[in-house]
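Chain and residue survey
Chain residues, written in single-letter form:
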Amino acid sequence: MDDILGLSRAKPDGSGQRIKDLVRRRFALDDAATLVVSELRCHEDGCPDVETVIAVMGAARTSLTWKIAKPMAQVDAGDIAALSAAEPV
């Protein structure tokens, strides 16, 4: 897919793909599931300065989204494992 707006920029450290791989393994997702991993900055009171947002969209038009209150580079396998118990947003 073309990135006509210039919004799709992979992190140079490969953390986006690393997180996608962890999520695919943790939830046994096949290639039909679409994963989107983003790092967002928040300037509102009470939210973390940077958070990682993980969205999983399935073939049946179902979707799950989670937020992890840390930058993508700091997300590890333990954070992904904890998503099983976390309520999607």
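Refer to the preceding data block for the structure.
Quick notes on the rules
Residues numbered from 1 in each chain as written. Predicted model: local features only at pLDDT ≥ 70, side-chain atom pairs only at ≥ 80, totals over all residues. Heavy atoms only, no water. Pairing = 2+ DSSP bridges. Helix = DSSP H or I, 4+ residues; strand = E, 2+ residues; numbered from the N terminus. Axes fitted to C-alpha atoms, helices over the stretch in contact; angles between N-to-C directions. Contact = heavy atoms within 4.5 Å. Buried < 20%, exposed > 50% of the residue type's maximum accessible area, 1.4 Å probe, protein only. Salt bridge = Lys/Arg side-chain N within 4 Å of Asp/Glu carboxyl O. Disulfide = S-S within 2.5 Å.

1. Observations regarding the sheet that holds strand β1 (residues 34–41)
Spatial ordering of the open sheet is given by β1-β2-β3, a layout of three strands whose pairing is antiparallel. The strands lining the two open edges of the sheet, one partner per strand, are β1 and β3 (63–68). Within this sheet the neighbouring strands show an average axis-to-axis angle of 15°, counted without direction. Here strand β2 (residues 50–57) runs beside β3; their pairing, made up of six bridges, is antiparallel. Bridged to valine 53 within β3 is lysine 67. Packing of helix α1 (residues 15–26) onto the sheet brings it into contact with β1 and β2, and relative to β1 it is tilted by some 130°.

2. As for the environment of lysine 67
Take lysine 67: it is sitting in strand β3. On the basis of relative accessible area, lysine 67 is assigned to the partly exposed category, the value being 48%. Placed 13 residues apart in sequence, lysine 67 and isoleucine 54 show a C-alpha to C-alpha distance of 6.4 Å. Not counting residues within four places of it along the chain, the set of residues in contact with lysine 67 comprises Glu51, Thr52, Val53 and Val89.

3. Regarding the pattern of salt bridges
Counted by the stated rule, this structure contains two salt bridges. Across the pair lysine 67 and glutamate 51 runs a salt bridge whose closest N-O atoms are separated by 3.8 Å. With a gap of 16 residues between them, lysine 67 in strand β3 and glutamate 51 in strand β2 connect regions that are remote in the sequence.

4. Observations concerning the state of the cysteines
Counting across every chain of the model gives one disulfide. With a sulfur-sulfur separation of 1.8 Å, cysteine 42 is cross-linked through a disulfide to cysteine 47. Its S-S torsion of about -105° marks the bond between cysteine 42 and cysteine 47 as left-handed, since a negative value means left-handed. On the accessibility criterion, cysteine 42 (18% relative accessible area) is buried. Judged by relative accessible area, cysteine 47 falls into the partly exposed class, the value being 24%.

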